[in-house]
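Each chain is listed here by its residues.
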Amino acid sequence: MIKYRALFRIRFIHTLQYRSAAIAGMVTQFVWGMMEILAFHAFYQTDPTAFPMRFQQTVSYVWMQQAFLSLFMLWFFENEIFESITSGSIAYELARPMDIYHRWFCQSIANRSAKAVLRCLPIFAIAFLLPAPYRLVLPPTITTLFLFILSLLLSLGVVVSVSQLIYISTFYTLSSIGVRVVVGAIGEFLAGGIVPLPFFPQPFRQIAEVLPFAAMQNVPLRIYSGDLQGLDAIRSLLLQIFWLIVLFAFGKWWLKKALKRVVVQGG
Amino acid sequence: MVYWHYFCIHLKSQLQYKVSFIFTALGQFLGSLTAFLGIWFMFTRFHQVNGFRFEEVLLCFATVLLSYSMAECFGRGFDLFPQMISNGEFDRALVRPRSLIFQVLASKMEFSRIGRLLQAVLVFFYVIPRSGVNWHLGTIVTLCLMIICGSIFFSLLFLVYAAISFFTIQGLEFMNIFTDGAREFGRYPFSIYGKQVLRILTYVVPMAWFQYYPFLYLIGQRTNPLWIASPLVCLVFAVPAIWFWRVGLKNYVSTGS
Amino acid sequence: MIQVEHLSKTFRVAKRQSGFMAATKAFVSRETTAIHALQDVSFTIQEGEMVGYIGPNGAGKSTTIKMMCGILTPDQGQCLINGRIPWQDRVQHVKEIGVVFGQRSQLWWDVPVIDSFDLIRDIYQVDHPRYQKNLQELTALLDLGELLKTPARSLSLGQRMRCEIAASLLHDPKVLFLDEPTIGLDAVSKIAVRQFIKRLNQEKGTTVILTTHDMQDIEALTQRILLIGKGKILLDGRLDQLKQQFSDVKTVSLDYTGALPPLPASVQMVEETHGRAVMKVDPHFFSVAQLINFFSQHVEITDLAVASITAEEMVAKMYQEYHI
């Protein structure tokens, strides 16, 4: 466990080094959030009754989505992991006394958390102070906040588990680009990254809500904004736990299989 | 001409990696497909926004998509410029007797961007007959200008991106607001985002001149034929962009890599 | 002709700290240190000379080369190459120079080498007859025949280096900069490259500036050496003169039959096996002729070899003496 903490620390410090990247990232996300909200606002003004969530809820959804983007984004990959697989240097990793699946998992979590911590604070600082109705608001009860945090952690686990599967698939395809882009695009969409799931027309919405992608950003964001409450929230949390266990276990099994057939590609 | 020679060498090079090419193109296509689906889902609920119908909005979407993918295809050299600096390729360009901007442009052409391009073309095929636009010489020229000037404009944004990388490799994400941002938010006519945003996009980063104002002419909200030439206004951006590149180059040459 | 006068250059580098608190502090403020890469560097190189530019890593070699190529501007000082200032007249200057960066390739990776050559011809606007002639010559001299149809990524390092050198000569440059051209090459390729460069210099009068850590390159190719250390030119002279200046000590290898007598003072035994003795003698105190005479009186000499200090030893001594 000490080794994992060390990795975590190194990642954190590493990310802190890149000051301008952090600032640029914050500004980018703020602009993104603002533009999305303005677009929703335009739709809201056209027809408020057709809105499946309250406008305030949509605003909270967007801001929290931006604040924790590095936790949710499937696009976020560790290039060095891909390179170590395609170049074959992964073989050297087998000599180290660490379980590779766990090591990748911790690496991803550490990297994403470091970025999230850096980015969420400034976004909160500004988003809480904006004029209504563009403002981010706190959830109504402590229970909601607690459920949100729990769901957030679970969704982080699901996101990383899915990205692990993508890393593992590289053992078979050698060129990671295809899988990355395809799963990234589809996953992003079905997780509510382009348009929140409640906005999906009916048959699509029901299908999307049971897929593992919905266990990513969809659940925590909707819990926070108040769209998912009470029993519905608990049910979604359980679904998250289910997907997390399934994906994690499958990933570990698959990695073991893949390592057995490691093909070392000369440089 | 030398550029054609570069084009052939890139094509030959990339066709060797057929699988990777196809997958990247596919991924691109899916990426823009999900954007399209997003718009479609919204419109099944709302039927119109700010007075614009679904087909009209699609005109904006397809224009931006097509311009962006052409810029990505041919202007990729600037997008990947930080890499060119860090692996020494730019030093090699400095030692060759050709214009630097030309060499950077010619250094990368990514034909896999054809995925997004294809999506854009498909949307155009769908939307052009349905958009209710009166297609005569004026509107056709307008649409062509929108696309061409849009591509050049995006390439200019990439040029600024490359110029920034002369100074710092880390702050580049900032530029993505305009490149990726334009692509993402350009899916709706820029007026949707409110007066302030429209003003910025008219006077500071003149994107509205190829996406919004000529668009109004296309759908008939403006009738003065002068609007046909409006996309050309965004090309003014070339002046500050090239100036910034020169400043960056001077800085690079005096501080080394 | 190359004229370098009083070139100076200082770089500012950001300091990176370790540890969590230091990283957070660095987030807010940045400290920099100054690195004096070049301090008042001056030298002149005539047309057709072949010069070895040596020095330890970080001494300022690549900084000087970059300035001569026109890639870097100095803080102070002047440089004229064939009447031009490299960084001011970039396009014209660059038409007349060829550069080989040892570790970075100028060939396109996935296409046959000849395709890269053709594109380079277009970039440099070499007219067809001249290109054909150069291509034929270079192919013959560097034995490129089969390699031309192979993509660069499939070539071995030795093969690639030969192609790199050819690529940089397609446009008949007057000056050739070689940055570590034999690094990583096998013995056969190294010899081939050295022979080619020597021939190029002799037949075409191309000025060659070679940076290398391989002293055998120096021995084989250059008559003149420029030693740079900590940003300053420490030595500038002919190789054989420098060797003499640094050490006259000769190494004598003797094969003999019989019993070896005790050595006179000022003769040092380096290696002794049955029937063979390797000794060092300083001719100021005991000439080689005297040494041979001395031994022939005590043993029967079957073989004898006399060698001067090698370039490697000389450079090691230089580094020591100048504390670099």
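Residues numbered from 1 in each chain as written. Chains lettered and ligands numbered in written order. Predicted model: local features only at pLDDT ≥ 70, side-chain atom pairs only at ≥ 80, totals over all residues.

## Quick notes on the overall build of chain C
The criterion, for reference: The way it works is that DSSP assigns letters per residue, a run of H or I at least four long becomes a helix, a run of E at least two long becomes a strand, and they are numbered from the N terminus. Here the contact rule is simple: place C-beta atoms from the backbone, and any two residues whose C-beta atoms are within 7 Å are in contact.
Scanning chain C from N- to C-terminus turns up eleven helices and 13 strands. Across its three principal axes, chain C shows a C-alpha extent of roughly 70 × 60 × 45 Å. Sequence separation of at least 24 residues holds for 71% of the intrachain contacts in chain C that already meet a minimum separation of 6.

## Looking at the overall build of chain A
Note the cut-off: Each residue is classed by its C-beta neighbour count within 10 Å, where at least 20 other C-beta atoms makes it buried, 12 or fewer makes it exposed, and intermediate counts make it partly exposed; the C-beta atoms are placed from backbone geometry.
In terms of helices and strands, chain A carries twelve helices and zero strands. By residue count, 43% of the 267 residues in chain A fall in the buried class. Within chain A, residue pairs in contact and separated by at least 24 positions form 82% of the contacts whose partners lie at least 6 positions apart.

## Remarks on the interface of chain A and chain B
Our working definition: As a working rule, the residues Ala, Val, Leu, Ile, Met, Phe, Trp, Tyr, Cys and Pro are called nonpolar, Asp, Glu, Lys and Arg charged, and the rest polar, with Gly in that last group.
At the interface, 30 residues of chain A touch 36 residues of chain B. Elements with a minimum of two residues in the side of chain A that touches chain B: helix 2 (19-46) and helix 9 (177-190) of chain A. Ranked by residue count, the leading element in the side of chain A that touches chain B is helix 2 of chain A, at 13 residues. Taken together, the residues of the side of chain A that touches chain B sort by class into 22 nonpolar, six polar and two charged.

## Describing the sheet that holds strand 3 (residues 50-54) of chain C
Residue and element names in this part refer to chain C. Counted only if it meets this: Pairing between strands is defined by DSSP: at least two bridges between them are needed. Axis angles are defined between N-to-C directions and span 0 to 180 degrees, where every axis is a line fitted to C-alpha atoms and, for a helix, only to the segment in contact.
Spatially, the six strands line up as an open sheet ordered 5-6-7-3-8-9, and their pairing is mixed. In the strand order of this sheet, the two ends are held by strand 5 (97-101) and strand 9 (232-238), each with one partner. Taking each pair of neighbouring strands and ignoring which way they run, the sheet shows an average axis angle of 15 degrees. By the bridge criterion, five bridges tie strand 6 (residues 175-179) to strand 7 (residues 207-211) in an arrangement that is parallel. Residue pairing across strands places Phe177 opposite Ile209, the latter belonging to strand 7.

## As for the interface of chain B and chain C
For an interface, size is often stated in terms of accessible area lost upon the parts coming together. Counting from both sides, the interface comprises 18 residues of chain B and, opposite them, 23 residues of chain C. The set of elements that each furnish at least two residues to the side of chain B that touches chain C consists of helix 1 (2-15), helix 6 (89-94) and helix 14 (238-255) of chain B. The element best represented in the side of chain B that touches chain C is helix 1 of chain B, accounting for six residues. In the side of chain B that touches chain C, the residues fall into seven nonpolar, six polar and five charged.

## Some points on the confidence of the model for chain A
The condition is simple: The predictor's confidence in any single residue is recorded as pLDDT, a number from 0 to 100.
Averaged over every residue, the pLDDT of chain A is 83; the share at 70 or more is 88%. Within chain A, helix 3 (residues 55-67) of chain A carries the highest mean pLDDT (90), whereas helix 1 (residues 2-17) of chain A carries the lowest (67).

## Re the pairing of strand 9 of chain C
Bridge analysis of strand 8 (residues 224-229) of chain C against strand 9 of chain C gives six bridges, and the strand direction is antiparallel. When the bridges of strand 9 of chain C are listed, C:Leu226 appears paired with C:Asp236.

## Observations regarding the packing of helix 3 of chain A against helix 7 (residues 100-127) of chain A
Residue and element names in this part refer to chain A. Rule in force here: Orientation labels follow simple angle bins: below 35 degrees gives roughly parallel, above 145 gives roughly antiparallel, 65 to 115 gives roughly perpendicular, and whatever is left gives oblique.
Contact geometry for helix 3 and helix 7: axes closest at 8 Å, N-to-C directions at 150 degrees. Considering their axes alone, helix 3 and helix 7 lie roughly antiparallel with respect to each other. Contacts from Trp63, Gln66 and Ala67 of helix 3 reach helix 7 at Arg119, Cys120, Ile123, Phe124 and Ala127. When its residues are assigned to classes, the contact of helix 3 with helix 7 shows six nonpolar, one polar and one charged.

## What about the sheet that holds strand 1 (residues 2-14) of chain C?
Residues and elements named next belong to chain C. Across the sheet, which stays open at both edges, the three strands sit in the order 2-1-4 with antiparallel pairing between neighbours. Single-partner strands in this sheet number two, and they are strand 2 (32-45) and strand 4 (76-81). Across the sheet, the axes of successive neighbouring strands diverge by a mean angle of 30 degrees, strand direction being ignored.

## Side note on helix 7 (residues 187-204) of chain C
Residue and element names in this part refer to chain C. The condition that has to hold: Multiplying 1.5 Å by the residue count of a helix minus one yields the expected span of that helix.
If you check helix 7, its first and last C-alpha atoms are 26 Å apart, about what 18 residues at 1.5 Å a residue would give, namely 26 Å. Buried-residue contacts for helix 7 involve helix 6 (157-169), strand 7 and helix 8 (215-221). Two residues or fewer past helix 7, Gly205 is found with a positive phi of approximately 70 degrees.

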